[in-house]
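Each chain, letter by letter, is given below.
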Amino acid sequence: MPELPDLTIYVERMNALIGGHSLREISLKSAFVLRTVVPPLKQLVGARLRTVTRLGKLLVLHFDNDLVLAIHLMIAGRLRWRSGAAKKMIRSEIAIFMFDHGELSFTEASAKKRASIHVLASRKELGTLDRGGIEVLGATIMNFAAALARENHTVKRALTDPSILSGIGNAYSDEILHAARLSPVKLTQRLSHEEM
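Note that the structure is predicted; figures quoted are calculated from it, not measured.

Quick word on the environment of R150
Working step 1: Mapped onto the secondary structure, R150 falls in the loop between helix 2 (141-149) and helix 3 (155-160).
Working step 2: Once the C-alpha coordinates of R150 and Q189 are considered, the two residues, 39 residues apart in sequence, prove to be 8.1 Å apart.
Working step 3: Once residues within four sequence positions are removed from consideration, R150 is found in contact with S163, I164 and Q189.
Working step 4: One polar contact links the side chain of R150 to the main-chain carbonyl oxygen of S163, over a distance of 3.1 Å.

Some thoughts on the sheet that holds strand 5 (residues 77-82)
Working step 1: With antiparallel pairing, the 4 strands of this open sheet are ordered in space as 1-6-7-5. Single-partner strands in this sheet number two, and they are strand 1 (23-28) and strand 5. If you compare each strand with its neighbour and ignore which way they point, the axes differ by 15° on average.
Working step 2: As defined by bridge partners, strand 5 adjoins strand 7 (residues 102-108) across 6 bridges and the pair is classed as antiparallel. Each residue of the ladder has a partner; that of R80, found in strand 7, is S105.

Quick look at the side chain of R82
Working step 1: By the secondary structure assignment, R82 is in strand 5.
Working step 2: Judged by its relative accessible area of 13%, R82 falls in the buried class.
Working step 3: In contact with R82, other than residues within four places in its own chain, are E93, I96, G102, E103 and S105.

Topic: the nonpolar core
Working step 1: Counting residues in each nonpolar core, the largest one holds 30 residues, and the members touching the most others are M14, L44, L59, L61, L69, F97 and F106.
Working step 2: At the level of secondary structure, the elements contributing two or more residues to this core comprise helix 1 (4-18), strand 1, strand 2 (49-55), strand 3 (58-63), strand 4 (68-72), strand 6 (93-99), strand 7 and strand 8 (116-120).
Working step 3: With 5 residues, the top contributor of residues to this core is helix 1.
Working step 4: Once residues lying within four places of it in the same chain are set aside, the contact partners of F97 are L23, E25, I26, L69, I71, G102, E103, L104, F106 and I117.
Working step 5: Among the nonpolar cores identified, the runner-up in size contains 14 residues, and V155, L159, L177 and L191 belong to it.

Side note on the pattern of salt bridges
Working step 1: On inspection of all chains with the given rule, the structure shows 6 salt bridges.
Working step 2: Close ionic contact of D64 with R48 constitutes a salt bridge, the shortest N to O distance being 2.8 Å. Linking D64 in the loop between strand 3 and strand 4 with R48 in the loop between strand 1 and strand 2, this pair joins segments that are 16 residues apart in sequence.
Working step 3: Here D64 falls in the partly exposed class, since its relative accessible area comes to 38%.
Working step 4: Note that R82 and E93 form a salt bridge whose closest N and O atoms lie 2.8 Å from each other. Residue R82 is located in strand 5, and its partner E93 is located in strand 6; the two are separated by 11 residues in the primary sequence.
Working step 5: Taken together, the shared-partner salt bridges in this structure form one network comprising R82, E93 and E103.

Conventions used here
- By convention here, each chain's residues receive numbers from 1 onward along its written sequence.
- Side-chain atom pairs in this predicted model are given and counted only at pLDDT of 80 or more, local residue features only at pLDDT of at least 70, and totals for whole chains, interfaces and linings cover all residues.
- Note that the side-chain values use all heavy atoms of the structure and ignore hydrogens as well as water.
- Where helices and strands are cited, they refer to DSSP runs of H or I of at least four residues and of E of at least two residues respectively, numbered from the N terminus.
- Throughout, a residue-residue contact means that at least one pair of heavy atoms, one from each residue, lies within 4.5 Å.
- Side-chain atoms alone can form a polar contact between residues adjacent in sequence; in general such a contact is a pair of N or O atoms within 3.5 Å, and within protein one must be able to donate a hydrogen while the other accepts it.
- If DSSP finds at least two bridges between two strands, the strands pair.
- Helix axes use the C-alpha atoms of the stretch in contact, all axes being lines fitted to C-alpha atoms, and the angles between their N-to-C directions lie in the range 0 to 180 degrees.
- Three labels apply to residues, based on accessible area from a 1.4 Å probe with only protein chains included: buried if under 20% of the type maximum, exposed if over 50%, partly exposed otherwise in between.
- Side-chain atoms within 4.5 Å link the members of a nonpolar core, which is a set of buried Ala, Val, Leu, Ile, Met, Phe, Trp, Tyr and Cys residues.
- Put simply, a salt bridge is a Lys or Arg side-chain nitrogen that is within 4 Å of an Asp or Glu carboxyl oxygen.

Here you go:
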């Protein structure tokens, strides 16, 4: 599953490739991937992309007309840039975002279709998708320790809970615990200052 480091790279590459360009057309293979109906997806067509950011595990595309497109890749979702137009949709493709100079292909290689797209009327509405966890890269040790110790969970569960920490999932929590030499079943309220 793409997590914070992977999503950071997606944000950097998307800003470099499509930032400042207009969205010419959107093609969905299945309406199921679109989880919102208001505002309609077609309102994004013709809009210029200002910037791409991240909120938790969401990739957030901010457009000139204040509309926001949030993409959740889930476990098997991926994005791929094509500088030319595709002849037809490939099997795992669930959406194509066509820009004036190429296409952003959204694929999901899973039978369980969990990836999603949300269209929001403004940046303010983005709060409805925020799970509330702290941004670990911008947090102080005190903020981080307070968030982990707020409830008594196993360290593994606390690291992967998006209401506690933003952007960390199963794969990177294992890496974090391995590097810290901590047991995943240790309780957060029993962590020493050094372990924290």
